[in-house]
Amino acid sequence: MAEIKDVKGIGPKSLSLLNKLNINTVEDLVTHYPFRYDVLKRGSLQETEDDGHIIIDGKVESVPILMRFKAGLNKMNFRFVTPSGVVGVSIFNRAFLKKQLEVGTGITVIGKYDKKKNIITASEIKMGILSNKERIEPVYHCTSGLTNKNLSSYINMALLMYGREINDYIPEEYLEKYQFVNKRTALNIVHNPPSMDKLQDVINRLKYEELFAFMFKINYLKRQNKLNNKGLSREIKETDIKKFIKQLPFSLTSDQEKAVSEIIEDLKAPHRMNRLLQGDVGSGKTIVAFIAMYANCIAGYQAALMAPTEILATQHYHNLKELLKDTPYHLELLTGSTSKKEKQQIYENLKNGNINFIVGTHALIQEEVEYNNLGLVITDEQHRFGVNQRTNLQNKGYMPDILYMSATPIPRTYALTIYGDMDVTIIKERPKGRKPIATYVKTNDEIKDVLTMMYEELKQNHQVYVIAPLIEDNENSGDLKSVCHLKEQMQLAFKDKYNIDIIHGKMATAAKDLIMQEFLQNKIQILISTTVIEVGVDVPNATTMVIFDANRFGLSTLHQLRGRVGRGSAKSQCILVSDTDTKRLEIMEKVQDGFVISEEDFKLRGHGDLFGTKQSGDMEFKIASLRQDYKILLQAKKDSEEYLKNKDTDHKELKEKLISGILMN
């Protein structure tokens, strides 16, 4: 297909502006869909109130008179004949329209009507008369220097020049089955809608195409995994696993036992495991992963656990080291902070098989790292790693089993669809003795109560998290609290009694890890942060979480943040501070189950907040929405599965187009 610079009217400056909108190809341009439509309905002079908004069409009756003022300003006046009478029109700073406004030209005028003077002060003049009493105007996301009109013009020119070359990802049989128009027609209608009924039909068609392509990708990967799924087959004695579990300092919940059983069966089977272990906050998914690593190890294979941060990797290392202290197995930690000398020794021991367990960050996937017989790969908080990072670790061994861990609760129905290429194990039950976290919604007027609640915990030598939506104040932030502002406020409230520090995403990794380490050691009593601590190290002594401007966060994010406390034996609390949206926030006071909360979040906000971080491009739909279009998604899932099973060779070309066009994006 032609490049975007080949579209008539797009010069170097326009090209640069389009690139800012992530429009890099002709296909990107024609699928840059409007985010809303303005419906212009014809009004009449008689029905419009004085100084009321009016949209009216008619013909120019007099030659426009142009008046120029100082500072480059101008005003144009002309008479205008409408179906409901003659009216005067004034418009400012549109001198360039004068040549087009010839007597007899049909136009649509949008503006405010002064009934006494019988004059419309126009904000906009559109060439052409409204058809069918209304005109539907697409409105696009633009950028400074690129107007809605420019963008519309470029899109329509691209459709005119290259519309026939645009990939249509809906197979012919489904175009016929659902009586969908072809892709070119659909794009022409979505960008130039003749009516709301036709518009809605093509929007549904484009949503189906996008979701069909997405589900084709998921189902194709699942199918390929099965076809090429010859994995490692291990002999694992159940008695050995039971013995290891029995020496744990706590009992497993029934959910944990079920998860262990499913993973052990996968490890024993001759096919490659590709499983998501999804646990609610504090449900104990990490110990399940440790048991899986142990089972893999006693069968004679190495296991690698990759965490998104050094401090989380270090926490996993120390916890696993404690569990393995009475075993003959060798465990090491590999992160960016590991010294060069230690790294070289670890590389050598991994390669010759002297290391059984390795825990680390992305350092585990560096080119220098070679494994002797890697059998199990676990990625913690899998959505925080890109697809390439996860794949690089998998490729370090010969078909190792794969286990992903995530503490982000997703409604099961959606998880099974979204992670359709994986088996999904869910842990909901909380370990015995884990107390619920008391949650309170407070307003800014009740800030003294909040500070008192914090002070009561600090007096008991407990620690406090404080969360803000911003790193620092800026002119557009309004009344939103920032990390820097809250530090000043806390220092004012608590004087020099307690050590207060801040942490946020723009800080260097080493600086963040150092502060978290000091917080873990109780050298810092109040830690003020952005959501960077949403997934992080366990601090058993932290008993209070205060979240300012809580209305700015989704319920799932609030639940994740709340889960940072309650990690020890002491009672814990979470305080949500907000002056608005308190009814929604009250759900947090009543509900502790992250899966119930995620269902509510899904209804209220859609899928975006459920995943915290974008899923490496997989979840970025241009026109579809998982929440609003779930029925279409299910149908697309069913159709894509059916289509992949069809052995008809006539489909080969389309399958290749789908695979190259979708899987490579």
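In this text, all values refer to a predicted model and were calculated from it rather than measured experimentally. (Residues numbered from 1 in each chain as written. Predicted model: local features only at pLDDT ≥ 70, side-chain atom pairs only at ≥ 80, totals over all residues. Heavy atoms only, no water.)

### Looking at the overall build of the chain
Helices and strands together make up the secondary structure of the chain, namely 21 helices and 21 strands. Expressed as a percentage of the 665 residues in the chain, the buried residues total 51%. Contacts in the chain between residues at least 24 apart in sequence constitute 73% of all its contacts with a sequence separation of at least 6. (Helix = DSSP H or I, 4+ residues; strand = E, 2+ residues; numbered from the N terminus. Buried < 20%, exposed > 50% of the residue type's maximum accessible area, 1.4 Å probe, protein only. Contact = heavy atoms within 4.5 Å.)

### Description of the sheet that holds strand 15 (residues 423–427)
Pairing within the open sheet is parallel, and its seven strands lie in the order 11-12-10-13-14-9-15. If you trace the sheet from one side to the other, it starts and ends with strand 11 (331–334) and strand 15, each paired once. Mean inter-strand twist for the sheet, computed between neighbouring axes without regard to direction, equals 20°. Judged from the five bridges that link them, strand 13 (residues 374–380) and strand 14 (residues 401–406) form a sheet pairing that is parallel. Following the sheet pairing, Thr379 is matched in strand 14 by Tyr404. Along the sheet face, helix 9 (residues 285–298) touches strand 9 (274–279), strand 10 (302–306), strand 12 (357–360), strand 13, strand 14 and strand 15 and points at about 170° away from the line of strand 13. Of the strands in this sheet, strand 10, strand 11, strand 12 and strand 13 touch helix 10 (residues 310–323), which is tilted by about 170° from strand 11. (Pairing = 2+ DSSP bridges. Axes fitted to C-alpha atoms, helices over the stretch in contact; angles between N-to-C directions.)

### Some words on the confidence of the model for the chain
Averaged over every residue, the pLDDT of the chain is 86; the share at 70 or more is 87%. Across residues 383–387, where pLDDT falls below 50, the model places 19 contacts with residues more than four positions away in sequence or in other chains. (pLDDT = per-residue confidence, 0-100.)

### As for the pattern of salt bridges
Counted under the stated rule, the structure contains 24 salt bridges. Salt-bridge contacts for Glu209 lead to Lys183; the nearest nitrogen and oxygen are separated by 3.1 Å. Linking Glu209 in helix 6 (residues 196–227) with Lys183 in helix 5 (residues 183–191), this pair joins segments that are 26 residues apart in sequence. With respect to class, Glu209 is no different from Lys183; both count as buried. (Salt bridge = Lys/Arg side-chain N within 4 Å of Asp/Glu carboxyl O.)

### Side note on a nonpolar patch on the surface
Together, Ile65, Met67, Phe69, Leu73 and Phe92 give the surface a local cluster of nonpolar side chains, amounting to about 460 Å² of exposed area. A relative accessible area of 54% means that Ile65 is categorised as exposed. (Patch = residues over 30% accessible without salt bridge, like charges linked within 9 Å, V, L, I, M, F, W, Y side chains within 5 Å. Areas by Shrake-Rupley, 256 points an atom, 1.4 Å probe, with all protein chains shown as cover.)

### Here we look at the packing of helix 14 (residues 447–459) against helix 15 (residues 483–494)
At a minimum axis distance of 12 Å, the contact between helix 14 and helix 15 shows a crossing angle of 65°. Between helix 14 and helix 15, the angle is such that the two are roughly perpendicular. With respect to the hand of their crossing, helix 14 and helix 15 are arranged in right-handed fashion. Where helix 14 approaches helix 15, its residues Leu451, Met454, Tyr455 and Leu458 are matched on the opposing element by Met490, Ala493 and Phe494. The residue makeup of the contact of helix 14 with helix 15, split by class, is seven nonpolar, no polar and no charged. (Parallel < 35°, antiparallel > 145°, perpendicular 65-115°, else oblique. Left-handed = near helix turned anticlockwise from the far one by under 90°. Nonpolar A, V, L, I, M, F, W, Y, C, P; charged D, E, K, R; others polar.)

### Some points on the nonpolar core
Formed by 40 residues in total, the largest nonpolar core has its most connected members in Met293 and Leu376. Counting residues per element, this core draws most heavily on helix 9, at 10 residues. Contact partners of Leu376, with chain neighbours within four places excluded, come to Arg234, Leu267, Met273, Ala292, Met293, Asn296, Gln302, Ala303, Ala304, Pro400, Asp401 and Leu403. (Core = buried A, V, L, I, M, F, W, Y, C linked by side-chain atoms within 4.5 Å.)

### Thoughts on the pairing of strand 8 (residues 134–139)
Of all six residues that make up strand 8, five are buried, and the element is covered over most of its length. Across six bridges, strand 1 (residues 36–41) lies against strand 8 in antiparallel orientation. Looking across to strand 8, one finds that Arg36 is bridged to Val139.

### A closer look at the sheet that holds strand 20 (residues 542–548)
With parallel pairing, six strands are arranged side by side in an open sheet as 16-21-20-17-19-18. Each edge of the open sheet is held by one strand with a lone partner, namely strand 16 (438–442) and strand 18 (500–503). Between one strand axis and the next, the sheet turns by 20° as a mean value, whatever way the strands run. Seen against the sheet, helix 17 (residues 555–562) touches strand 16, strand 17 (463–467), strand 20 and strand 21 (573–577) and runs at an angle of roughly 150° to strand 20. Its contacts with the sheet put helix 18 (residues 582–590) on strand 16 and strand 21, and the angle it makes with strand 16 is roughly 165°.

### A word on the packing of helix 3 (residues 148–162) against helix 5
The N-to-C vectors of helix 3 and helix 5 enclose an angle of 160°; their axes lie 11 Å apart at closest approach. As summarised for this structure, helix 3 and helix 5 are arranged roughly antiparallel, according to the angle between their axes. With respect to the hand of their crossing, helix 3 and helix 5 are arranged in left-handed fashion. Contacts between helix 3 and helix 5 involve Ile155, Asn156, Leu159 and Leu160 on the former and, on the latter, Arg184, Leu187, Asn188 and His191. Split by residue class, the contact of helix 3 with helix 5 holds four nonpolar, three polar and one charged.

### Digging into the packing of aromatic side chains
Applying the stated criterion across every chain yields a total of 14 aromatic pairs. With 5.9 Å between their ring centres and 50° between their planes, Tyr174 and Phe212 make a pair best called tilted. With Tyr174 in helix 4 (residues 172–177) and Phe212 in helix 6, this pair connects stretches of sequence that are 38 residues apart. The buried category is assigned to Tyr174, whose relative accessible area is 1%. For Phe212, a relative accessible area of 0% corresponds to the buried category. Geometrically, the ring pair formed by Tyr294 and Tyr329 is edge-to-face, given 6.0 Å between the ring centres and 80° between the ring planes. Within this pair, whereas Tyr294 is found in helix 9, its partner Tyr329 is found in the loop between helix 10 and strand 11, the two being separated by 35 residues in sequence. (Phe/Tyr/Trp six-rings, centres within 6.5 Å; stacked < 30°, edge-to-face > 60°.)

### A few points about helix 16 (residues 509–520)
Here helix 16 contains 12 residues, and its C-alpha end-to-end distance of 16 Å stays within 8% of the 16 Å for a straight helix at 1.5 Å per residue. Buried within helix 16 are the following residues: Lys512, Asp513, Ile515, Met516 and Phe519. Projected onto a plane normal to the axis of helix 16, the buried residues spread over an arc of 165° and lie on a single side. For helix 16, exposure combined with an orientation more than 90 degrees from the buried face picks out Ala510 and Leu514. In this structure, the buried side of helix 16 is in contact with helix 10, strand 17, strand 18, strand 19 (526–529) and strand 20. (Expected span 1.5 Å × (residues − 1). Arc of directions from axis to C-beta.)

### Considering unusual backbone geometry
One can expect most non-glycine residues to show negative phi and most peptide bonds to be in trans. Positive phi outside glycine occurs at Asn461, with the angle close to 70°. Relative to the elements of secondary structure, Asn461 occurs in the loop between helix 14 and strand 17. Notably, Asp549 is not glycine yet its phi reads approximately 50°, a positive angle. Following the sequence through the fold, Asp549 ends up in the loop between strand 20 and helix 17.

### Examining the side chain of Asp168
Along the chain, Asp168 turns up in the loop between helix 3 and helix 4. Among the residues examined, Asp168 registers a relative accessible area of 14% and is labelled buried. Of the polar contacts made by the side chain of Asp168, one reaches the side chain of Arg205; its length is 2.8 Å. (Polar contact = N/O pair within 3.5 Å; in protein donor to acceptor, adjacent residues only side chain to side chain.)

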